[in-house]
Amino acid sequence: MPHGGDPTLPPPAKSPKLSGQTTIDSLDEDVLLDIFLFLPSLASLIRAALTCRAWRRAVASSPAFRRRFRELHRAPLLGLFAEPQRDALPSFAPAPSRDRDVLAAIRGVDFALTSLQDPDGYACDAPLRWRVHDCRGGYLLLMNWDAALLATVNPLDRDLTDYFDMPFDRDTTTETEVTHRGKPISVDVHLLCSDEEPMSFRLVWLFHDESRVQVGVFSSETCDWFFHPWVHIKERAPPHDADKYWLHSGVQVNGHLYWLFRNQEHMLKLDIATMEFSVLEMPPNLKTQDGYSYIVGETKDGTPCIVYSFGLNIGVLIHGVDDNGVDGWIFGGMVQYEGEAEPPENGGNVHVVAIMDGFVYLATSEMVLSLCLETMELEKLFPRSFRAHCFRPYIMAWPPSLVGDYGIFAVIHDGSSDGVTREIVLSLCLETMELEKLFPSGFSGLCFRLYNMAWPPLVGNYGTFCSDPAWFQRWRN
């Protein structure tokens, strides 16, 4: 019998009234960031975090969250920059993607590097002989030897293009050789940048003579080069091979730079944090192998490794201590690429290209591949659409607006190539979080007021041709 029909029974309990409606805006920042960890990619996080100031602030103010997100989500590969065959700019081969957030993030970007051809730019008279020397943090590091210029270019933001003069006279030193007077040999230059300081970077340039090495370091904060002392490499002590070009171009992985000896006996290692050199011995089974393609790098946890290929086989060697307590190179695994039905044009060889964030990028004559060093899973990425043998993966980087206080500064220091530090006035749209360079400040103080154009007396009875307030409001919007 219903309670309402029996007067002897107590009345039914009343449902408690909700104190208020719970919305996503009422979530604690820690809960919000835990939800963000379930987003599928960095591009999705960027789109979500820029929805409002509170969400952007939550992501930008938490280095621990950004670290955790990087561990869980591999940054998207946007494509490959390939070296041109003739005098031209590097070409870009996009990686196919069905991720709508990735496609939205790269829509309208400057992968054609048109900023290098700006008729009013610093390098407007430079020949189109730019070569990619490094690619990381969303930036390309390019060198134009004929113009004696270096350039950092961010294809995702045309305004983030800067030029720097070379730290030596190119008239007395060529790109691949030195004069008979024994001037240092230029090996290569690398870009050092930090995920937590996206608006600053360093350049590291390696030189060597017969048995010594030296690095010059450029800082974007000081806009100047600093040359460290020469370091003697005992592995090059006499008797050594007569080849004066004894180092290959280097690679950068997880806080270190590596250069292979051309005699395949050793590799030179530079700790970026301390700028200290050390030498590692190459694995015996790679010293005398012809036709092998290999590259030095590190696993995701920072352990040095070598990835090599011969034919369609891909092997991994990891530096560590074996079961007998001997320090050396330990076999880490091998996989075989199952190629296309028709034999590739190059006879079925796999070429090792780069190691980044625990993934190895490889290529055949027809396909671009990736190998996860943690799981040893080999994946076909997309068909190869270019002929260049040298190319660099372009990985989506964290935008500065989601790191710390970047993106809300009123004034920043802009390093010019003449060594003078200038200040730039910026504007930030709070609706879109787009940061724009306005003009050089021309003053030294950080306290100033904006002067905006005001409406002339065209409002109300002061004007004779328009008296509609709603029209003025629509115009302002």
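Residues numbered from 1 in each chain as written. Predicted model: local features only at pLDDT ≥ 70, side-chain atom pairs only at ≥ 80, totals over all residues. Heavy atoms only, no water.

Observations regarding the confidence of the model for the protein chain
Formally: One number per residue, pLDDT, summarises how confident the predictor is, and it ranges from 0 to 100. The secondary structure listing takes helices from DSSP runs of H or I that are at least 4 residues long and strands from runs of E that are at least 2 residues long, numbered from the N terminus. Contacts are assigned to residue pairs with any non-hydrogen atoms lying within 4.5 Å of each other.
For the protein chain, the average pLDDT comes to 79, and 75% of its residues sit at 70 or higher. At the level of individual helices and strands, the protein chain shows its lowest average pLDDT in strand β25 (residues 411–415), which scores 42, and its highest in strand β11 (residues 231–232), which scores 94. Considering only residues more than four positions removed or in separate chains, one finds that residues 172–181, a stretch of pLDDT under 50, has 17 contacts. Within the model, the stretch residues 407–422 combines pLDDT values under 50 with 35 contacts to residues more than four positions away or in other chains.

Examining the nonpolar core
Quick reminder of the rule: We call a set of buried Ala, Val, Leu, Ile, Met, Phe, Trp, Tyr and Cys residues a nonpolar core when their side-chain atoms join them within 4.5 Å. To sort residues, take the accessible area from a 1.4 Å probe on protein chains only and compare it with the maximum for the residue type: under 20% means buried, over 50% means exposed, and anything in between is partly exposed.
One finds Phe 36, Val 59, Phe 65, Leu 116, Trp 130 and Trp 398 to be the most contacted residues of the largest nonpolar core, which totals 40 residues. Broken down by secondary-structure element, the contributors of at least two residues to this core are α1 (29–36), α2 (42–49), α3 (53–60), α4 (63–72), β1 (77–82), β3 (131–136), β4 (139–144) and β5 (149–153). A total of 6 residues in this core trace back to one element, the largest contributor, which is α2. Dropping the residues within four chain positions of it, Phe 36 is found in contact with Leu 45, Ala 48, Trp 55, Val 59, Phe 65 and Phe 69. Membership of the second largest hydrophobic core comes to 19 residues, among which are Tyr 139, Phe 164, Leu 203 and Phe 218.

Some remarks on the pattern of salt bridges
For clarity, the cut-off: Any carboxyl oxygen of Asp or Glu within 4 Å of a side-chain nitrogen of Lys or Arg constitutes a salt bridge here.
Within the structure shown, the criterion is met by 8 salt bridges. The salt bridge involving Arg 70 is made with Glu 196; its shortest N-O contact spans 3.5 Å. With Arg 70 in helix α4 and Glu 196 in the loop between β7 (185–194) and β8 (197–208), this pair connects stretches of sequence that are 126 residues apart. Taking the relative accessible area as the measure of exposure, Glu 196 reaches 29% and is therefore partly exposed. Shared partners join several salt bridges into a network, and the residues in it are Arg 66, Arg 70, Asp 195 and Glu 196.

Side note on the sheet that holds β4
Operational definition: Strand pairing follows a simple DSSP-based rule, namely that at least 2 bridges must link the two strands. Axes here refer to lines fitted to C-alpha atoms; in helices the fit is confined to the stretch in contact. Angles between the N-to-C directions go from 0 to 180 degrees.
Taking strand neighbours across the sheet as the criterion, the 4 strands line up as β3-β4-β5-β6 in an open arrangement whose pairing is antiparallel. Of all strands in the sheet, those with a lone pairing partner are β3 and β6 (161–165), marking the two edges. Strand-to-strand, the axes of this sheet are offset by a mean angle of 20°, without reference to chain direction. Taken together, the 5 bridges between β3 and β4 define a ladder with antiparallel strand orientation. By the bridge assignment, Val 132 is partnered in β4 with Leu 142.

Structural notes on α3
By the burial criterion, the buried members of α3 are Trp 55, Arg 56, Ala 58, Val 59 and Ala 60. Buried residues along α3 sit in contact with α1, α2 and α4.

Looking at the pairing of strand β21 (residues 359–363)
Regular strands place their side chains on alternate faces of the sheet. Of all the 5 residues making up β21, 5 are buried; the element is thus mostly covered by neighbouring parts of the structure. Residue alternation in β21 divides its side chains into two sets, Phe 359, Tyr 361 and Ala 363 and Val 360 and Leu 362, and both sets are buried. Of the pairings in the sheet, the one linking strand β20 (residues 351–356) to β21 comprises 5 bridges and is antiparallel in character. Looking at β21, one finds that Ile 355 is bridged to Val 360. As paired strands, β21 and strand β22 (residues 367–372) are joined by 5 bridges and run antiparallel to one another. Bridge pairing in β22 links Leu 362 to Leu 369. Connecting β21 to the antiparallel partner β22 that follows it, the hairpin turn spans 3 residues.

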